[in-house]
Every structure is written in C-alpha cells, then in structure tokens.
Amino acid sequence: MEIGGATPDSVATAPSDAEAPVVEQPASVRHPDTHLIDELFDAEFYLSGFAADQRPSDPASHYLTEGWLQGRDPTPWFSSWHYLSMNPDIAAAKMNPFLHYCIAGHLEGRLLPKLGRQAEGDVFAAHSFAVSPGPHFEEFDPTIAVGRRKRAKVLAYYLPQFHTVEVNDESWGKGFTEWRNLPRALPRFTGHVQPRIPRDLGCYDLSEGDVMRRQIEMAKAAGIHGFCFYHYWFDGQRVLEKPMERLLADPSLDFPFCLMWANENWTRTWDGSDKEIILAQNYREEDDGAFIDDLARHMKDPRYVRVGDRPLFFIYRPGQIPDASTTVQKWRDLMRSRHGLNPVIMMAQGFGDLDPRKYGLDGAIEFPPHKICQNLPPINAQVQMLDSKYVGGIFSYDAAVDRSVSETSADFPLIRTITPTWDNEARRPGRGMVLHGSTPAKFEAWADQMLEFARRNPVHGEQFLCVNAWNEWLKARFLNPMCTTGPLT
C-alpha cells in the first residue's frame, strides 16, 4: 500500500456492554436483498466490529449498502476483500461479494480461502500459520510509489532499540534486545497471529551494518516522508542513542527525521509506571540547558523535519512534566536564546490527556490505540480461545477505525495517526491487549480517510499523517515485512 521503548502498553477499557444501544434507522432503509443473505449472515459477529454507540440497528442492510465497501466481513469465515480479490469478475461488476456467494458463488464452486488462523483448537497449527506466508502475503514492491503524488508528509514512529545497551544488560541479562522477547508470543485464540517474525530484514542490529540504509530505501519506495525517532533522555543520560548518532554522522542516509521525547519512566513492567523503575524522569532544572542543547544539535541537521522553517518536536507525556506550561515556555526561551530556533512543539494524545493548549503547546499528534480504543467493549467472548488461561483484552480493529474516522475536526492543530494493528503479546504473554481483525486492505482504507483529513485540516500550513509504527515488533505495529503478510507499506 502506498501512503505517500517507552510507549504505551495498555488502554483503559470498560466492561463489555451487552445491552449497548444501537444506532436507530428507519424501517424503510432495509435493503431489499437482506432475505438472500439472512441464513448465513452473522449479525452478532458483524456488530462486534462497531463501537457501542455506532452499531446499526439493521446490520444486514448496513453490510449490503456500505459495510462491504468498508472492508467489513459478514461472518468469521467469509472475507469480503478476499472474495473480490479471488474473483475479479465480481469485483469488476461492483457486486456485493457475500450476496454473490449466497445466490450463485457457492453453486458455482467458487473457493473460499482459509481466513486468519483456522487452527481448530490446535495451537501448534496456529503457530505454524504465523510463521508462514498467509492469504494476505505479498512481496515488497519497490516501485509502488513511483510517479504517485504524495497527498501528505507521512511520518512513521521509529523505535531505536534492537541493539545492546548497558542498562538493558544490567536489567534483563547480557546481550538483551527486544528480539529476545519475540519468541515468547503464542497464539491465544483462533485468528491470533503470533509470533510475528521479521522476513526481509531479519532480526537486525541497529548499531551496525546497513540496516538503516535498507530501511530508508524501503520507506522512500513506499512514499513515507520521514521517521519520528523516540528520544530517550533521563536527567542528562541518553539511552538507545546509537542508531540516531549513526544517522547524524552519515549524511548519505538522506531521509528526513524528527524526535519524540519518550519522557516517562523506564520500568520492568514496560508501561512507564512508578513500579520497578529502571530509569526515572526527574525533570531537574539544572539539566534544562543541556537538554535543549542536545535537542538543538538534532534540529540543526538539514534533514530534520520542519513545518515551514520551524523544527517539529513531540513530547509523549507533557502531563508528567512539573508545571508543564511554565517549563515548556522556559525551554522555548532557551531554544531561541541559545540556538535561534523556534520549534513547533506538539504532544501525543494518550492516557486521557488530549488538549495541548493547557500546556502551551502548538498542537497534538495521535498515538493509537490510545484515544480511539478508550472504552471500546472487548470481544473476548466472540473468539475461539486456544488458551483457557488468557486474561488479556481483545478489541475490534474495525471498531477502533470507526472511532477514528468519526472525528472529523479538531479545535487545535491535530496530526492524525493510523496503525496496522496492536498486539503486545510478546511483552505480556497471555495478558496483553490485541486489536483483532486488521488486514492490509482495512489499513489502506483507514489511511485513505486520514489522508483526506490531513488535506482538509493542515497543521500550521502543512499536511501530515503519522503511522504507529515503523518497527515496533513487540507490539505488532510495524511496516517492515514479516513472514505472514510481507510488508504493510
């Protein structure tokens, strides 16, 4: 598809609301062909893909009129996207795929692919599926964005992990990188794609070789404008800085970049909490000058992303900064007086903290699944479990996307963000959070809508879109090629 660690591991959710209201529709809108699909149509499954306040009162009519165009599926065993891709004559006729299958396709012997993981209770078959090319697999196409107009500047969040550092050696054992956690992931329910294994680039080391150069080539080919690197600064101590330092030292790595300060505690629970702290954020005033100087040397690089002539900088959790509005203004003054820079400073929306204005910031950037998954009902009861002891939360990817696209405007500059999926099973085996039901086609459709939002709502005069993320393998949010699907770019 052409679209051109201190990050959250949990999102607050409400209990399942079986009595949730549906969106009422007049009886007159019932589609005349619903009786042709009623016998096979799974209304409960279909409604599970909507936020509680967005569920249509007549799910079959909704699917026949618009749901199939949005990539929604009428049953767990039928993929609208796959049926059309396998039957180009039906796609060319612009016919509803499930309607065709019900009235003619099954009689004609049209085949249905096995969807997701059809493990039939066998976790070993499920694991085998995850490490082999699946029904969505495709090779990376280096010409995919050639000759296409870029509708916005697309930035992908970049995790500068995957190389050894002393603090991780001390905390997790010598030689630790997040690749060590990858094999801990197992499929916990039917359709759960785990583990997620890298393909074209393998389990790389970002501190050596030409991995970043190859990543840049792939990103450019897909129409991505630049990387937004997580920046780790703890009271004057930099961590996971090697990939960025290699980038700064090598002008031939010609690709735009910017920084997001991941300003929360490093903990053994991977959630930035105050428990089992490895590295703490103390926000010492005596470090302000050194902090600003460190940011400025990045911003002065000609490859640094700018909005007009202003460097673009993000703060992950401004609410944790003591007296944030005063502190941010002090940093702005230091940036001007010491370096002549006037950055655009924006916050990530997360943990219920959405409005940048109270901190004196210039706007916000989304960080899904935060915000769009808040209070979504879990769908654990609607999947076939392979692990009876699983205590994590499973949520509908379709419902999360619906929540996202329902936000059509903002009261302040807002950069929208999309994600191919979310699944932190590798970090929290058997107790993570999963966005279930994503496909490359659904991701592409979401991107298209958010690119249109960017066109209508420029941020300080420019169109931006972010992707969460480029290479966060332990949360299953990445665009790098993996064994099951290939690339998601």
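## A word on the overall build of the chain
Across its full length, the chain holds 14 helices and 17 strands. Relative to a compact globule of 489 residues, whose C-alpha radius of gyration would be 23 Å, the chain shows 23 Å and is just as compact. Considered along the principal axes of its C-alpha atoms, the chain spans approximately 75 × 45 × 45 Å. Expressed as a percentage of its 489 residues, the buried residues of the chain come to 57%.

## Brief notes about the layout of surface pockets
Counted as a void, the second largest pocket has a volume near 370 Å³. Lining the second largest pocket are 17 residues, and of these Gln 70, Arg 72, Asp 402, Val 405 and Gln 449 lie nearest its centre. Elements represented by at least two residues in the lining of the second largest pocket include exactly helix H3 (59–67), helix H13 (397–405) and helix H14 (440–456). In terms of residues, the lining of the second largest pocket owes the most to one element, H14, which gives 5 residues. Taken together, the residues of the lining of the second largest pocket sort by class into 6 nonpolar, 5 polar and 6 charged.

## Overview of the pattern of salt bridges
Per the counting criterion, the structure on display carries 40 salt bridges. With its nearest N and O atoms 3.0 Å apart, the salt bridge here joins Arg 213 to Asp 250. Residue Arg 213 is located in helix H9 (residues 211–221), and its partner Asp 250 is located in the loop between helix H10 (242–249) and strand S4 (257–261); the two are separated by 37 residues in the primary sequence. A relative accessible area of 26% means that Arg 213 is categorised as partly exposed. Where Asp 353 meets Lys 358, a salt bridge forms, and the shortest distance between an N and an O atom there is 3.2 Å. Residue Lys 358 is classed as exposed on the basis of its relative accessible area, which comes to 53%. Connected via shared salt-bridge partners are Arg 238, Glu 245, Asp 294 and Arg 297.

## Brief notes about the packing of H13 against H14
With their axes 11 Å apart at the nearest point, H13 and H14 run at an angle of 5° to one another. As summarised for this structure, H13 and H14 are arranged roughly parallel, according to the angle between their axes. Seen from H13, the contacting residues are Tyr 397, Asp 398, Val 401, Ser 404 and Val 405; seen from H14, they are Lys 442, Phe 443, Trp 446, Gln 449 and Met 450. Considered class by class, the residues forming the contact of H13 with H14 number 6 nonpolar, 2 polar and 2 charged.

## Some thoughts on the packing of aromatic side chains
Applying the stated rule across the entire model yields 38 aromatic pairs. Between the aromatic rings of Trp 77 and Tyr 101, the centroid separation amounts to 6.2 Å while the plane-to-plane angle is 65°, which identifies the pairing as edge-to-face. With a gap of 24 residues between them, Trp 77 in the loop between H3 and helix H4 (80–86) and Tyr 101 in helix H6 (residues 97–108) connect regions that are remote in the sequence. Classification of Trp 77 as partly exposed rests on a relative accessible area of 36%. In textbook terms, an aromatic cluster arises when at least three aromatic residues are bridged by ring pairs, as seen for Phe 41, Tyr 46, Tyr 63, Trp 77, Phe 78, Tyr 83, Phe 98 and Tyr 101. When the ring centre of Trp 172 is taken as origin, the NZ or CZ atom of Arg 268, which lies over that ring, is 4.3 Å away. Just above the ring of Phe 351 sits the side chain of Arg 317; from NZ or CZ to the centre is 3.6 Å.

## Digging into the nonpolar core
By size, the foremost hydrophobic cluster in this structure holds 115 residues, and its most contacted members are Met 260 and Phe 313. In terms of residue count, the dominant contributor to this core is strand S2 (residues 226–234) (7 residues). In this structure, Phe 313 is in contact with Leu 259, Trp 261, Phe 291, Leu 295, Met 299, Tyr 304, Val 344, Ile 345 and Met 346, ignoring residues within four places of it in sequence. In terms of nonpolar packing, the next biggest core, distinct from the first, is built from 16 residues, Ile 37, Phe 50, Leu 64 and Tyr 83 among them.

## Re the environment of Phe 351
Mapped onto the elements, Phe 351 comes out in the loop between strand S9 (344–349) and strand S10 (364–366). By relative accessible area, Phe 351 is classed as partly exposed at 37%. Along the primary structure Phe 351 and Phe 367 are separated by 16 residues, whereas in three dimensions their C-alpha atoms are 9.9 Å apart.

Reading guide: rules and limits
- Residues numbered from 1 in each chain as written.
- Predicted model: local features only at pLDDT ≥ 70, side-chain atom pairs only at ≥ 80, totals over all residues.
- Heavy atoms only, no water.
- Helix = DSSP H or I, 4+ residues; strand = E, 2+ residues; numbered from the N terminus.
- Rg over C-alpha atoms; globule rule 2.2 N^0.38 Å.
- Buried < 20%, exposed > 50% of the residue type's maximum accessible area, 1.4 Å probe, protein only.
- 1 Å grid on protein atoms, 1.4 Å probe; cavity = no way out; pocket = protein on both sides within 12 Å on 5 of 7 lines; lining within 4 Å.
- Points joined across faces, edges and corners; volume = space filled by probe spheres on them.
- Nonpolar A, V, L, I, M, F, W, Y, C, P; charged D, E, K, R; others polar.
- Salt bridge = Lys/Arg side-chain N within 4 Å of Asp/Glu carboxyl O.
- Axes fitted to C-alpha atoms, helices over the stretch in contact; angles between N-to-C directions.
- Parallel < 35°, antiparallel > 145°, perpendicular 65-115°, else oblique.
- Contact = heavy atoms within 4.5 Å.
- Phe/Tyr/Trp six-rings, centres within 6.5 Å; stacked < 30°, edge-to-face > 60°.
- Lys NZ or Arg CZ within 6 Å of the ring centre and 35° of its normal.
- Core = buried A, V, L, I, M, F, W, Y, C linked by side-chain atoms within 4.5 Å.

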